[in-house]
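# A structural walkthrough
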There are 2 protein chains.
Amino acid sequence: MSDHPAKISPVILSGGSGTRLWPLSRTGRPKQLLALTHAETMLQLTARRADDAQRFTSPIVVANAAHVSQIETQLAKVGVEPASLILEPVARNTAPAIALAALIAEPGSLLLVMPSDHVIADVDAFRSAIEAAVPLAGEGWLVTFGIAPQAPDTGYGYIRAGASLGDRVQRVDRFVEKPDRPTAEGYLAEGCYFWNGGIFLFRADAYLQALDMHAPGIAAAARASLEQARCEGRRVFPDADAFAASPSDSIDYAVMEKADRVAVAPVDMGWSDVGSWDALHEIAMKDAADNAHHGEIVAIDTSGCLIRSDGPLVAAVGVKDLIVIATGDAVLIMPRGSSQEVKRAVEELKKTGHVTLDRPSP
Amino acid sequence: MSDHPAKISPVILSGGSGTRLWPLSRTGRPKQLLALTHAETMLQLTARRADDAQRFTSPIVVANAAHVSQIETQLAKVGVEPASLILEPVARNTAPAIALAALIAEPGSLLLVMPSDHVIADVDAFRSAIEAAVPLAGEGWLVTFGIAPQAPDTGYGYIRAGASLGDRVQRVDRFVEKPDRPTAEGYLAEGCYFWNGGIFLFRADAYLQALDMHAPGIAAAARASLEQARCEGRRVFPDADAFAASPSDSIDYAVMEKADRVAVAPVDMGWSDVGSWDALHEIAMKDAADNAHHGEIVAIDTSGCLIRSDGPLVAAVGVKDLIVIATGDAVLIMPRGSSQEVKRAVEELKKTGHVTLDRPSP
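Residues numbered from 1 in each chain as written. Chains lettered and ligands numbered in written order. Predicted model: local features only at pLDDT ≥ 70, side-chain atom pairs only at ≥ 80, totals over all residues.

Of regular secondary structure, chain A possesses eleven helices and 19 strands. The C-alpha radius of gyration computed for chain A amounts to 21 Å, which stays within 12% of the reference 21 Å derived for 362 residues, consistent with globular compactness. Counting all 362 residues of chain A, 48% fall into the buried class. Put simply, 68% of the contacts in chain A that link residues at least 6 apart link residues at least 24 apart. (Helix = DSSP H or I, 4+ residues; strand = E, 2+ residues; numbered from the N terminus. Rg over C-alpha atoms; globule rule 2.2 N^0.38 Å. Buried ≥ 20, exposed ≤ 12 C-beta atoms within 10 Å, placed from the backbone. Contact = placed C-beta atoms within 7 Å.)

The structure is reproduced here in structure tokens:
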């Protein structure tokens, strides 16, 4: 290792448009653009995790073209100017999105790929795990960060870590799908399983080489879309037809599970993907009665509630273990512990052609 | 009795500004001006109960001056033009309000005094009870209508009916305050107790005579305020200082409990004062799962809920026995069966000087 290692290039993926945090999260304002856990948005927190100019270059951001102005505004507010802002004309999942970033980056540069909608409480632990992964990544390994599991969660894929490859890095034995509960409990007991958090470190050329081998259609579509790209300053618009021709697949399925030299860097860093209102209640600051309130809330005799308003005053009296999310045009109410059911409400709203689903916020 | 009895003059009291149905009911838009049970508002339903021109004159309406245009508009929509619209500069409870109406009416005319915010499902039964009360009222008795109790409710005053005074009219034995639960159960078992619904029939001069005797300060203030009144067409503006000088008291305390010739006409007419969200759930149309929904609601796996929105879409998933009331600027959530607790929320909002309490609806 050199005393002056090459800088790492953050790649921030902002393509998601999930509905799991409806009604706050909408197609026009997805989770990563919301301030859920801090005054800063998830995107801003992500960018600031890698804003140390001694160690990182400016980030490459891959995003939904519809969000371009929100993204630029949010990043500017925390003093981050992207090296490139690649604007996807359509969503094709993570493997093609990362391919675009890898093609734009210098071939030998190290890419730190980060979803834009995760929480990491202990950034120092994250940085330390990155440094542990740098030597292997520099040698051409594809490194994923394995999140030390806190519970037998059935909502994540798991990574089984195998033989040591050095300080705090191990070969990936295998990736496993979201397990059932007993299986997850077994993983937790074994101690060599980690959550797959979707954070990666690798050389741009190593990723493209693996992509060419295991998902050549994705690699070809990404190259074609950039050959015909339109640029406006730092904004890059890949050709819509060429990019739309790409297969839609995740980096896990398309590359990581198939490639040879794949490593995991285990890390315990207070990670959460804030994948549901229940998850937000878990990581939020709570009062003595286990309530997490945000916005204009009057709560009397309430306990165990997540009550959040970005619009109306919410008055709750004598309720417990509820999730209440209010925006200017919609209110969601459900028991805590069942927030995956929000999908059913969203399905119902889509089915009835409900106009409020994507009505812009006031 | 003549074949052509003198017409009855309805007196509609619209002075209330309760907070028991917050956040829908506000100072600027109290319960009687809301459509809670039907497409028509409580005020409109009240006026239509006595809109038979063969039997009733146009009503005298006594109301808060702040609501004048809403009242005129609502009444016009159901084809009712008040004989007089007496606009109180301040609220002084029902005894002074009724005194104003009695002073404006012909001395010998029969006044049917009705709160403007009650529901009566069986209007024929009401009309029939009125006819039963007419002869006694014509002789100068003060007649109150006694609501056949449906349950041992502790939220109402009760009237104990005594000796018969004719067909379906009895002397009032005594008025009793809101009882505790065991007492209320005893009343229900005895069968001679009725709820005091605040609906009355008497001659204008009989009321004023009793008022002069038992509450001369109220009578004097009412007279003085009308002597100096300003009139604009049918609108009557009693002098503010003179009316403000009146003691504030209810007709029950000031007159009915003290006067000699007081009768009760028992009636079973599907009456409700809709005094709480729980009461509204009770009388509302409900689906098979005991839900009463109103407005833009998506309810999945919900039961026993009152969900009402005059503004945002409300999505409820997997909740039961909740009251959810949403307006453009406030949302109330509480368990069913505890809706008297809404007062605590309103108190809290007043205490914190919360601006949204009376923010006008959009």
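Following the structure, the description resumes.
Moving on, we get to the relation of the copies chain A and chain B. For the match of chain A to chain B, the screw axis carries a shift of 0.1 Å, the RMSD comes to 0.1 Å, and the turn is 179°. Both chain copies can therefore be described as sitting about a two-fold axis. It is glycine 328 of chain A whose C-alpha, among those of chain A, lies nearest the rotation axis, at 3.9 Å. A share of 100% of interface residues in chain A that are also interface residues in chain B marks the association as one of identical surfaces. (Least-squares fit on C-alpha atoms with pLDDT ≥ 70 in both.)

Accessible area lost upon the coming together of the parts serves often as the stated size of an interface. The interface is formed by 28 residues belonging to chain A together with 28 residues belonging to chain B. For the side of chain A that touches chain B, the secondary structure elements donating two or more residues are strand E15 (297-300), strand E17 (313-317), strand E18 (322-326), strand E19 (330-335) and helix H11 (342-351) of chain A. The biggest single contributor to the side of chain A that touches chain B is E19 of chain A, with six residues. Taken together, the residues of the side of chain A that touches chain B break down into 20 nonpolar, four polar and four charged. Both E19 of chain A and strand E17 (residues 313-317) of chain B contribute to a ladder of four bridges, which runs parallel. Residue alanine 330 of chain A lies in a different strand from E17 of chain B, and its bridge partner there is leucine 313 of chain B. (Nonpolar A, V, L, I, M, F, W, Y, C, P; charged D, E, K, R; others polar. Pairing = 2+ DSSP bridges.)

In this section: the environment of glutamate 131 of chain B. By secondary structure assignment, the location of glutamate 131 of chain B is in helix H4 (residues 123-138). Taking C-alpha positions, glutamate 131 of chain B is 9.8 Å from arginine 168 of chain B, a pair spaced 37 residues apart along the chain.

Here we come to the pairing of strand E4 (residues 110-115) of chain B. Side-chain positions along a regular strand alternate between the two faces of the sheet. Residue and element names in this part refer to chain B. Taken across its six residues, E4 has five buried, putting it largely inside the fold. Taken together, the six bridges between strand E1 (residues 8-14) and E4 define a ladder with parallel strand orientation. When the bridges of E4 are listed, serine 9 appears paired with leucine 111. Alignment of E4 against strand E9 (residues 193-203), held across four bridges, turns out to be antiparallel. When the bridges of E9 are listed, valine 113 appears paired with phenylalanine 200.

Glancing now at helix H3 (residues 94-104) of chain B. Extensive coverage of H3 of chain B is indicated by the burial of eleven of its eleven residues. Taken residue by residue, H3 of chain B has Thr94, Ala95, Pro96, Ala97, Ile98, Ala99, Leu100, Ala101, Ala102, Leu103 and Ile104 of chain B as its buried positions.

To continue, consider the packing of H3 of chain B against helix H7 (residues 216-227) of chain B. Residue and element names in this part refer to chain B. At a closest axis distance of 9 Å, the pairing of H3 and H7 adopts a crossing angle of 50°. As summarised for this structure, H3 and H7 are arranged oblique, according to the angle between their axes. When you trace H3 past H7, the crossing you get is right-handed. Where H3 approaches H7, its residues Ala95, Pro96, Ala99, Leu100 and Leu103 are matched on the opposing element by Ile218, Ala219, Ala221, Ala222, Arg223 and Leu226. (Axes fitted to C-alpha atoms, helices over the stretch in contact; angles between N-to-C directions. Parallel < 35°, antiparallel > 145°, perpendicular 65-115°, else oblique. Left-handed = near helix turned anticlockwise from the far one by under 90°.)

All names here are of chain A. With domains assigned, chain A is organised as domain 1 (8-272) and domain 2 (277-358). The centre of domain 1, based on its C-alpha atoms, is set 29 Å off from the matching centre of domain 2. Contacts between the two partners involve 13 residues from domain 1, matched on the other side by 14 residues from domain 2. Looking at side-chain class alone, the side of domain 1 that touches domain 2 contains six nonpolar, five polar and two charged residues. (Domains from an automatic or database assignment.)

Let us look at the sheet that holds strand E16 (residues 306-309) of chain A. In spatial order, the strands read E14(A)-E16(A)-E18(A)-E19(A)-E17(B)-E15(B); together these six strands make up an open sheet with mixed pairing. Here the strands that pair on one side only, and so sit at the sheet edges, are strand E14 (292-294) of chain A together with strand E15 (297-300) of chain B. Across the sheet, the axes of successive neighbouring strands diverge by a mean angle of 5°, strand direction being ignored. Each of E19 of chain A together with E15 and E17 of chain B touches H11 of chain A; the most contacted strand, E15 of chain B, lies at about 130° to it.

Our focus in this paragraph is the pairing of strand E6 (residues 142-147) of chain A. Residue and element names in this part refer to chain A. Most of E6 sits inside the fold, with six of its six residues counted as buried. Because side chains alternate across E6, one face comprises the buried residues Leu142, Thr144 and Gly146, and the other comprises Val143, Phe145 and Ile147, equally buried. Here E6 runs beside strand E12 (residues 262-267); their pairing, made up of six bridges, is parallel. Looking at E12, one finds that leucine 142 is bridged to valine 262. Examined bridge by bridge, E6 and strand E9 (residues 193-203) share four bridges and lie antiparallel to one another. Each bridged residue has a counterpart across the sheet, and for glycine 146 the counterpart in E9 is asparagine 196.

The next thing to look at is the confidence of the model for chain A. Residues and elements named next belong to chain A. When pLDDT is averaged along chain A, the result is 93; 96% of the residues meet or exceed 70. Per-residue pLDDT stays below 50 along residues 355-362; that stretch engages in 14 contacts with residues further than four places along the chain or on separate chains. Scored as a whole, the predicted complex attains pTM 0.88, and scored at its interfaces, ipTM 0.87. (pLDDT = per-residue confidence, 0-100.)

The next subject is the packing of helix H6 (residues 204-214) of chain A against helix H7 (residues 216-227) of chain A. All names here are of chain A. Running from N to C, H6 and H7 point in directions that differ by 120°, and their axes come no closer than 5 Å. Looking at the two axes, H6 sits oblique to H7. Every residue of H7 that contacts H6 at Leu208, Leu211 and Asp212 is listed here: Pro216, Ile218 and Ala219.

Next up on the list: the environment of glycine 318 of chain B. Summarising the element assignment, glycine 318 of chain B is placed in the loop between E17 and strand E18 (322-326). Sequence separation between glycine 318 of chain B and threonine 302 of chain B is 16 residues, and the spatial gap between their C-alpha atoms is 5.2 Å. Residues contacting glycine 318 of chain B, with those up to four places away along its chain left out, are Met334, Pro335, Ser338 and Glu341 of chain A together with Asp301 of chain B.

This part covers unusual backbone geometry. Tryptophan 22 of chain A connects to proline 23 of chain A through a cis peptide bond whose omega is 10°. The phi dihedral of asparagine 93 of chain B falls on the positive side, at around 70°, and the residue is not glycine. Position of asparagine 93 of chain B relative to the elements: it lies in the loop between strand E3 (84-88) and H3. Judged by local crowding, asparagine 93 of chain B falls into the partly exposed class, with 19 C-beta atoms found within 10 Å. Its identity as a non-glycine residue notwithstanding, aspartate 290 of chain B has a phi of 70°, on the positive side. Within the element layout of this structure, aspartate 290 of chain B appears in the loop between helix H10 (277-283) and strand E14 (292-294). Owing to 15 C-beta atoms within 10 Å, aspartate 290 of chain B belongs among the partly exposed residues under this scheme.

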